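# Breakdown of the fold
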Amino acid sequence: MLKNNGKKTAISVACTGCLCLLLLLLVAVHQHRVQVTEGTDGEDAAARSAPEESARRAQDKKGFSTYFTKLTRGRREVEKPTRTSAAASDPPPAEDISAADIFIAVKTTKKFHQSRLNLLLETWISRNMQQTYIFTDGEDDELKKKIGSHAINTNCSAAHSRQALSCKMAVEYDKFIESGKKWFCHVDDDNYVNVRTLVKHLSQYPHTQDLYIGKPSLDRPIEATERLGDNKMKPVNFWFATGGAGFCVSRGLALKMSPWASGGHFMNTAEKIRLPDDCTIGYIIESVLGVPLTRSSLFHSHLENLQQVSRSEINKQITLSYGMFENKSNIISLKGAFPVEEDPSRFKSVHCLLYPDTPWCPPQVAF
């Protein structure tokens, strides 16, 4: 009986072992099939996605190409000069003014009425009669016919002395105060004034504030001696805008100058420092009132090399001049409407450049 039980046990163990081996075999076969299936599926997926991947990469490449093309075009557009760039860079006006708000004083002498003044009357003054006043030292019926009451005889001396110059400036100042205009601008009879640019420039500043605008002719402040009375003196130094290039003073500042400039006070002030009219203006404004000169490179006198003003920049300048510089003819370099023999100052050519619709300008001239 014990033998039978041992046989049964051995058979049972053997069956169990076979069953385990069978199960292990089935598990191994299943795993192999899964691996084969996954491998096949992966290959199929890779095969299916290869064209899609190529297309995606091509699309990405095209996208980058398009992006860089747009970037390059954008950079070119930024670098390309635009027609409105100059206007866009101009600061907004502080106030809206017109030429009628400006008192333009032209200082001259009777002996230059024919040689200098007629040229101005024919060019820039012809378009700005209402705001231009001519201060001279003698009666001229022909001049009055052309400009009427704007021709002012100061009754000052015709000499080119500091006293005579200061005498005329004193009358200019008083007439400006009487006019009620917003800006006082002084020029000489050898200046061409581009009034359109002048208006545009002055519109950047409030006329009620203290403003003294022009260009110094010196590279340092002028040194002078102020006479205080009782034989007392003190040194002073200050910047001044040369009258030969022109300068402008706001009404707000001009009113503050009154104790030293109105009536006969300007002549007395000029005698205190023994300097000419434009220096006296600078003395009152900078030394007495403490208002600094606002420099502008747009004003030009015959004391500078006018050859440096390029043709393309002429329309941006406020004043131009002519004369002699280092013993040579000093005029702007401009191949304009007239040869130098017919237009030695170049003012007619400048005028035709700025105002090509002028009747006496050649029709082909345009800016």
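For the structure given in this document, a descriptive report is provided here.

How each quantity is defined
Residues numbered from 1 in each chain as written. Predicted model: local features only at pLDDT ≥ 70, side-chain atom pairs only at ≥ 80, totals over all residues. Heavy atoms only, no water. Pairing = 2+ DSSP bridges. Helix = DSSP H or I, 4+ residues; strand = E, 2+ residues; numbered from the N terminus. Contact = heavy atoms within 4.5 Å. Axes fitted to C-alpha atoms, helices over the stretch in contact; angles between N-to-C directions. Buried < 20%, exposed > 50% of the residue type's maximum accessible area, 1.4 Å probe, protein only. Phe/Tyr/Trp six-rings, centres within 6.5 Å; stacked < 30°, edge-to-face > 60°. Lys NZ or Arg CZ within 6 Å of the ring centre and 35° of its normal.

What follows concerns the sheet that holds strand 9 (residues 247-250). What links the strands of a sheet is backbone hydrogen bonding, and the strands pair in either a parallel or an antiparallel sense. Judged by pairing direction, the sheet is mixed, and its seven strands sit side by side in the order 3-2-1-4-9-6-10 without closing on themselves. Across the chains shown, the open sheet's two edge strands, defined by having one partner strand only, are strand 3 (151-153) and strand 10 (294-295). Sheet topology note: the strand 6 (residues 212-214)/strand 10 ladder contains two bridges and is parallel. Within strand 10, the residue paired with I213 across the bridge is T294. In this fold helix 6 (residues 195-202) packs onto strand 1 (102-107), strand 4 (183-188), strand 6 and strand 9, with an angle of close to 130 degrees to the strand it touches most, strand 1. Those strands touched by helix 10 (residues 277-288) are strand 1, strand 6 and strand 9, and its axis lies near 140 degrees from that of strand 6.

Residues apart from glycine generally show negative phi values, whereas peptide bonds are mostly found in trans. Backbone geometry places N155, a non-glycine residue, at a positive phi of 60 degrees. Tracing the chain through its elements places N155 in the loop between strand 3 and helix 5 (162-179). We classify N155 as exposed; its relative accessible area is 66%. Despite not being glycine, R274 has its phi angle at roughly 55 degrees, a positive value. Within the element layout of this structure, R274 appears in the loop between helix 9 (265-273) and helix 10. Take R274: its relative accessible area is 41%, and that puts it in the partly exposed class.

Time to look at the packing of aromatic side chains. Tallied over the entire structure, the rule returns eleven aromatic pairs. For the ring pair Y192 and F347, a centre distance of 5.6 Å and an interplane angle of 70 degrees mean the geometry is edge-to-face. With Y192 in strand 5 (residues 191-193) and F347 in helix 11 (residues 347-354), the pair connects residues that are 155 residues apart, well separated along the chain. Each member of the pair Y192 and F347 is classed as buried. The cationic tip of R116 hangs over the ring face of F112; the distance from NZ or CZ to the ring centre is 4.0 Å. A cation over a ring is seen here: R295 above W239, with NZ or CZ 4.0 Å from the ring centre.

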